[in-house]
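Close look at the chain arrangement
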Amino acid sequence: GRQGSCIYCGSKRLYRHGRCRIRKVLHSWSNGKRIYLKLHRRRWRCCNCKRTFCEGRNLVRPYCRITRQAERELLWQLKERSFNQIKRELGISYSTLRSLLEKTVKAEMTELLKDKDRIYLGIDEHSFRHQELVYTITEVKERKMIAILKDDKIATLKEFLKKIPEEKVEEVCIDMKQGLKKATEEIFPKAKVVVDPFHVISDANKRMDEARRIEQELHPGKIRIPKKIFLISRDKLSEEKRNKLDELLKKHPSLKGFYWAKENILKLYRQKTHKEASKLLDNIILNLESSDDAELVRWAYTLKRWYDPILNYFDNHTTNGFTEGCHTKIKMLKRISFGLKNVEVYRRKMILGFLSLESCFHTL
């Protein structure tokens, strides 16, 4: 009997218009063997729009040799495995898998943000291949991957950010890159820009270590200043280590200013309120500005330039921890895939690893 409606105009006035050619399509795998279906489909013609179509569109896509069920199984297998593994075990070629990936998985999933009243974005970059970087965009409060962009150009980032509703974005968490800050302020003028605490502390450690290295190079071959003891928080050092550290600072007084600033920046993120943090940051900047060391003064200018984004952290304690976690998983997926040359395939393959695919196995 007649079932359903016209796929073009929705009319239910249909009549039989012959049968389609019998097709053999791949449906699943069992114990390493392929399971095929033979499709005997009817053709219908619409009385309203006069167009013809075949039934069973929900089972198999037009011009495809595998069913939607098989497609879901392939995507599930590809999620945490390489193209070559799928080819060896299931006999599906790279071109078929790539075509399926490009048709099914989007590299930008802005539709996940449509139903949100407040959006907290995380933006960071990671390595696609060697020195080629790409941006990762996440929703840090909902812990969702939103997009992997094709490169790390600011123009590409702006183009993507314009697709997100401006009025819904509350905060944008970034690292300490001025171009990134300007781009987010331009696209989301009402949103707060937050610097991820990890990058502020990492910057402090780099400056501390650079000062240590320069001090050591002033006396080549004569002294060796240990690195690790300066980077660990003083609270975590044993009494013996603290005494050793104090002796090193006495021998090398040029390191005292860097160590003091580094320790106070660690202390900054232990403050409970915005007001307490503001007072401590003002004190750090004031002491650095009054120093005789040009590098410390330069550090003070950096903290002044990032003053508001640093303190914005204390409003909602927004961090890029989830984004960094995504990068850890992406590294694992890259190793499993043995690297990918095409950036479009790479973007979709990485996004696939974060999708929760529905169950793709038969239940009788």
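Residues numbered from 1 in each chain as written. Predicted model: local features only at pLDDT ≥ 70, side-chain atom pairs only at ≥ 80, totals over all residues. Heavy atoms only, no water.

**Details of the state of the cysteines**
If you walk through the whole model with that rule in mind, you get one disulfide. Disulfide partner of Cys-20: Cys-54, at an S-S distance of 2.4 Å. On the sign convention where negative means left-handed, the S-S torsion of about -110 degrees between Cys-20 and Cys-54 marks this disulfide as left-handed. With Cys-20 in the loop between β1 (14-19) and β2 (23-30) and Cys-54 in strand β5 (residues 52-54), the pair connects residues that are 34 residues apart, well separated along the chain. No disulfide involves Cys-49; its sulfur sits 3.7 Å from the nearest other cysteine sulfur, which is in Cys-46. By relative accessible area, which is 27% here, Cys-49 ends up partly exposed. Cysteine Cys-173 remains unbridged, with the sulfur of Cys-326 as its closest cysteine sulfur at 13 Å. (Disulfide = S-S within 2.5 Å. Helix = DSSP H or I, 4+ residues; strand = E, 2+ residues; numbered from the N terminus. Buried < 20%, exposed > 50% of the residue type's maximum accessible area, 1.4 Å probe, protein only.)

**Description of helix α11 (residues 294-305)**
The end-to-end C-alpha distance of α11, which contains twelve residues, comes to 17 Å, matching closely the 16 Å that a straight helix rising 1.5 Å per residue would cover. For α11, the full list of buried residues reads Leu-296, Val-297, Trp-299, Ala-300, Thr-302 and Leu-303. Looking at the buried positions of α11, the neighbouring elements they touch are α6 (197-217), α9 (256-268), α10 (274-289) and α12 (307-311). The distance from a side-chain oxygen at the start of α11 to the backbone nitrogen of Glu-295 is 2.9 Å, and the residue carrying that oxygen is Asp-293. (Expected span 1.5 Å × (residues − 1). Contact = heavy atoms within 4.5 Å. Polar contact = N/O pair within 3.5 Å; in protein donor to acceptor, adjacent residues only side chain to side chain.)

**Points about the pattern of salt bridges**
Applying the stated rule across the entire model yields 25 salt bridges. Close ionic contact of Glu-263 with Lys-262 constitutes a salt bridge, the shortest N to O distance being 2.8 Å. A cluster of three or more residues bridged by salt bridges with shared partners is formed by Glu-108, Lys-163, Glu-344, Arg-347 and Arg-348. (Salt bridge = Lys/Arg side-chain N within 4 Å of Asp/Glu carboxyl O.)

**Brief notes about the packing of helix α4 (residues 154-161) against helix α5 (residues 178-187)**
In the contact formed by α4 and α5, the axes pass within 10 Å of each other and the chain directions differ by 25 degrees. Classed by the angle they form, the pair α4 and α5 counts as roughly parallel. Pair α4 / α5 crosses with right-handed handedness. Taken together, the residues of α5 that come into contact with α4 (itself represented by Ile-154, Leu-157, Lys-158 and Leu-161) are Gly-179, Leu-180, Ala-183, Thr-184, Glu-186 and Ile-187. (Axes fitted to C-alpha atoms, helices over the stretch in contact; angles between N-to-C directions. Parallel < 35°, antiparallel > 145°, perpendicular 65-115°, else oblique. Left-handed = near helix turned anticlockwise from the far one by under 90°.)

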